[in-house]
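The primary structure of each chain is shown beneath.
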Amino acid sequence: MASSSHGHKHSNGLYTFSSRPRPVDSSSKCREPSSERTQYNYGNIMYDRRVVRGNTHAQHILPTTAQPDPAETQKQMIKKRAAARKQAWKQWRLRTPEALQGRKHIDVQTELYLEELSDHIVSTHAECQTDAFLDKPSTPLFIPAKSGKDVGTQIEEGELFDFDREVQPVLEVLVGKTVEQALLEVMEEEELACLKAQQRAFEELRHNELAEVERLQEQERRHSEEKERRVAQQKEVLKKERETAEKIAARAYTQQYLADLIPAVFTSLRNHGYFYDPVEKDIEMNFFPWLMAEVNNTLEKRYIAREMLDGHLHAIQWCLLNCSGF
Amino acid sequence: MDSTRAPVAFGRWDVPLLFGRLQQPEAAERLRSLASLCDLMRDPERLYRTVTGGFLEQLQDLLKDEDPSVRSKTCELLHLVTAHSIGRQAVLSSSLLPSLSQLLDDSSSSSRINALRALNCLALLPAGADALLCLVPKLMLKLQQQDGEDEDDGDDGDEEEVLLLSTISCCSRLDALPALASDGVSLLGRKLTRRSPEVRREAAASLMELSIPVEGKRQVCEGAVLPVLVGLLQDEDVDVRTNAAGVVMNVAIITAGKLRCLDLDVVPVLLDLLSKRLEEDERSKALVLYSLRALTALAEAPDGRRLLLQQLPLLARTTEARHPDIRRAAQTAVRVVTWTP
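Within an unreviewed UniProt entry, the label attached to chain B reads Condensin complex subunit 1 C-terminal domain-containing protein, and the organism entered is Amphiprion ocellaris.

If you look chain A up in an unreviewed UniProt entry, it shows as Radial spoke head 3 from Amphiprion ocellaris. Check the Sequence similarities (unreviewed entry) section of the UniProt entry for chain A; it says "Belongs to the flagellar radial spoke RSP3 family." The Subcellular location (unreviewed entry) comment attached to chain A in UniProt states, word for word, "Cytoplasm, Cytoskeleton, Flagellum axoneme".

So, in structure tokens, the structure goes:
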């Protein structure tokens with residue numbers, strides 16, 4: 001253990017000891033050999049079981065008797081075994097071998113300075129008491145010696161701060177700003193009122209003119225409608241007149257034409273022979289052809305007769321000629 | 001420090017920090033940040049920075065928050081944003097419109113009113129009115145629901161109606177067909193008889209916009225709205241009278257309208273209005289103009305011409321009015337009355 005503790009004896013017989021401060025090692029059940037301990041296992045002193053805290057009146061201390069009962073020993077052994085089993089998996093720890101029969105292990109302090117472990121705590125009483133007060137005269141008032149000059153000063157009312165004077169600029173600014181704002185607002189309102197009035201005037205004018213325009217439009221429309229109607233009427237009238245004139249002319253002409261028509265027709269018909277006396281016609285139609293036919297027949301007969309005669313005559317003549325010729 | 005407002009950082013960091021605070025889980029904290037933001041947004045510089053910094057997208061989540069006061073404050077913030085043109089453009093280009101329109105059905109009335117206010121400001125811009133045109137049927141539906149509620153709903157119900165009506169009239173200025181398609185004429189006709197003059201005024205204004213296209217004029221003629229309007233011509237509020245006269249002026253342009261107006265004997269009423277209001281006050285100038293135009297339109301019908309020929313001196317007097325527009329209108333009226341075919 002690299003302890004930097006050293007104690008040495010002085011020449012005059014005093015012994016001094018000093019060591020560097022080192023933290024308390026956390027206790028381990030079985031101390032490993034010092035050579036293997038490379039690192040101090042620091043532990044928090046507050047949680048160190050070796051530190052006594054709290055009420056010490058019911059402290060659990062080692063029993064003073066060295067010979068415990070066998071039953072108690074048995075209990076302790078059981079507890080130890082249980083604890084041993086709990087920690088068996090952590091680390092195999094070397095334990096002190098069991099005591100031989102008839103013997104027993106006993107804890108012993110091995111420090112340099114032995115302590116008496118008992119539940120009787122050594123305490124000493126100490127008292128102190130102040131002495132009774134002796135009568136003493138009261139101390140006189142301490143008045144230090146006067147040094148320097150005495151000078152007095154007093155601030156009269158109204159000297160440092162004159163409200164009326166100071167408030168003037170602030171008031172001016174406040175009032176000025178308020179009045180300016182108010183003026184601006186009033187001007188704005190006036191402007192708005194002006195605008196509104198102008199708008200109203202415009203609207204009225206517009207309505208007026210619109211009404212006038214519409215009226216004129218309507219008037220125009222009506223007039224033009226009226227005109228058209230009149231024109232149409234006039235056209236109608238003209239047309240009727242023309243028609244009437246045409247009709248009259250046609251009528252006159254027809255009359256004139258037709259007046260001549262009947263005699264002309266009759267004449268033409270008569271000319272064409274459509275009027276006939278039936279007897280005459282009949283005579284003409286039936287009698288005359290028969291008559292003529294008969295006449296023809298008769299004449300034919302005569303001709304034939306004549307021709308026959310002529311023929312005979314010729315024949316005779318020829319015969320005569322022939323006969324005479326000789 | 002005011003406990004209802006969150007602390008505001010200095011300089012350029014004020015708006016981003018407050019917007020960062022809006023992500024916190026407790027509603028009270030968010031409410032305080034929103035209240036501070038509302039105060040800050042009245043300044044145009046900060047508004048510009050907010051808009052160009054693109055913080056408006058974060059408001060999208062807040063519009064769907066569970067706490068109604070948070071929603072209502074967000075709508076108020078949006079209303080302040082839309083008070084300036086750059087804010088309006090930003091809101092239009094972002095995707096906040098659908099969420100806003102969903103809030104119109106919200107249960108708490110303050111968030112509804114604030115959302116309506118924001119939409120109203122948006123509708124004043126033509127591009128905004130264009131974007132809101134698709135919302136018009138929904139707005140008409142809400143109007144109908146309002147109709148079903150009690151008459152004495154108090155100021156809140158009235159304000160909602162007024163805002164709804166003014167938004168509808170702004171959108172209809174651009175294009176009146178969606179409103180007409182959702183049966184606008186009869187709905188607005190019912191609103192003409194409400195107690196509060198603002199509601200009547202806005203309803204009459206919307207009717208005036210709706211009666212500009214021909215379809216609208218026909219519907220107004222066919223519905224039972226005209227008698228109510230003629231009654232409104234004698235209302236106490238000048239604006240209501242003006243708007244009613246405007247509707248009559250528009251309706252009298254078509255022939256059916258002329259005939260119905262003449263049936264309802266509207267000419268004496270209009271002449272009455274003219275003679276009373278010959279003084280040059282700004283508000284009544286419109287009334288005079290509209291009445292003159294209505295009379296001009298009515299004078300084109302033969303019956304109307306006959307009636308007005310008798311009143312020619314009155315019209316001649318109006319030609320000497322100081323305002324050039326009124327003079328012109330009166331001259332046109334005289335010309336039309338004395339025209340012969």
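Next comes the rest of the description.
Undergrad: Summarise a nonpolar patch on the surface; cite the residues concerned and give the values.
TA: Together, A:Val279, A:Ile283, A:Phe287, A:Phe288, A:Trp290, A:Met292, A:Val295, A:Leu299 and A:Tyr303 make up an exposed nonpolar region whose accessible area comes to about 830 Å². Mapped onto the elements, A:Val279 comes out in helix α3 (residues 278–324).

Undergrad: Tell me what's going on with the packing of helix α2 (residues 27–40) of chain B against helix α5 (residues 68–81) of chain B, and back it up with residues and numbers.
TA: Residues and elements named next belong to chain B. As a packed pair, α2 and α5 sit with axes 10 Å apart at the nearest point and diverge in direction by 15°. Judged on the interaxial angle alone, α5 and α2 are roughly parallel. Handedness of the α2/α5 crossing: left-handed. On α5, the residues touching Ala-27, Leu-31, Leu-34, Ala-35, Leu-37 and Cys-38 of α2 are Ser-69, Val-70, Lys-73, Thr-74, Glu-76, Leu-77 and Leu-80.

Undergrad: Quick one: what's the story with the interface of chain B and chain A, residue by residue and with numbers?
TA: Taken together, the contacts link 26 residues of chain B with 18 residues of chain A. Across the chain B/chain A interface, buried area totals approximately 2,100 Å², and carbon plus sulfur atoms make up 47% of it. It is B:Ile253, B:Arg293 and B:Glu300 that lose the most area in chain B upon contact with chain A, and together they represent 27% of the buried surface on that side. Scanning the region where chain B abuts chain A turns up five salt bridges. A salt bridge links B:Arg328 to A:Glu209; the nearest nitrogen and oxygen atoms lie 4.0 Å apart. The interface formed by chain B and chain A contains six residue pairs in polar contact (both at pLDDT 80 or more). Contributing elements (two or more residues each) for the side of chain B that touches chain A: α14 (197–210), α17 (238–251), α18 (255–263), α20 (282–298) and α23 (324–337) of chain B. The element contributing the most residues to the side of chain B that touches chain A is α20(B), with seven residues.

Undergrad: How would you summarise the pattern of salt bridges if you had to cite specific residues and measurements?
TA: This model, assessed by the stated rule, comprises 27 salt bridges over all chains. The shortest N-O distance in the salt bridge between A:Glu226 and A:Arg229 comes to 3.0 Å. Here A:Glu226 and its partner A:Arg229 are both found in helix α2 (residues 163–272), three residues apart, which amounts to about one turn of the helix. With a shortest N-O distance of 3.4 Å, A:Glu226 and A:Arg230 are connected by a salt bridge. Here A:Glu226 pairs with A:Arg230, and both are found in helix α2, just four residues apart, close to one helical turn. What makes A:Glu226 partly exposed here is its relative accessible area of 30%. One salt-bridge network, held together by shared partners, links A:Glu203, A:Arg206, B:Arg173 and B:Glu209.

Cut-offs used in this document
Residues numbered from 1 in each chain as written. Chains lettered and ligands numbered in written order. Predicted model: local features only at pLDDT ≥ 70, side-chain atom pairs only at ≥ 80, totals over all residues. Heavy atoms only, no water. UniProt positions renumbered as here; feature names shortened; annotations may be inferred. Patch = residues over 30% accessible without salt bridge, like charges linked within 9 Å, V, L, I, M, F, W, Y side chains within 5 Å. Areas by Shrake-Rupley, 256 points an atom, 1.4 Å probe, with all protein chains shown as cover. Salt bridge = Lys/Arg side-chain N within 4 Å of Asp/Glu carboxyl O. Helix = DSSP H or I, 4+ residues; strand = E, 2+ residues; numbered from the N terminus. Axes fitted to C-alpha atoms, helices over the stretch in contact; angles between N-to-C directions. Parallel < 35°, antiparallel > 145°, perpendicular 65-115°, else oblique. Left-handed = near helix turned anticlockwise from the far one by under 90°. Contact = heavy atoms within 4.5 Å. Buried area = accessible area lost by both parts, 1.4 Å probe. Polar contact = N/O pair within 3.5 Å; in protein donor to acceptor, adjacent residues only side chain to side chain. Buried < 20%, exposed > 50% of the residue type's maximum accessible area, 1.4 Å probe, protein only.

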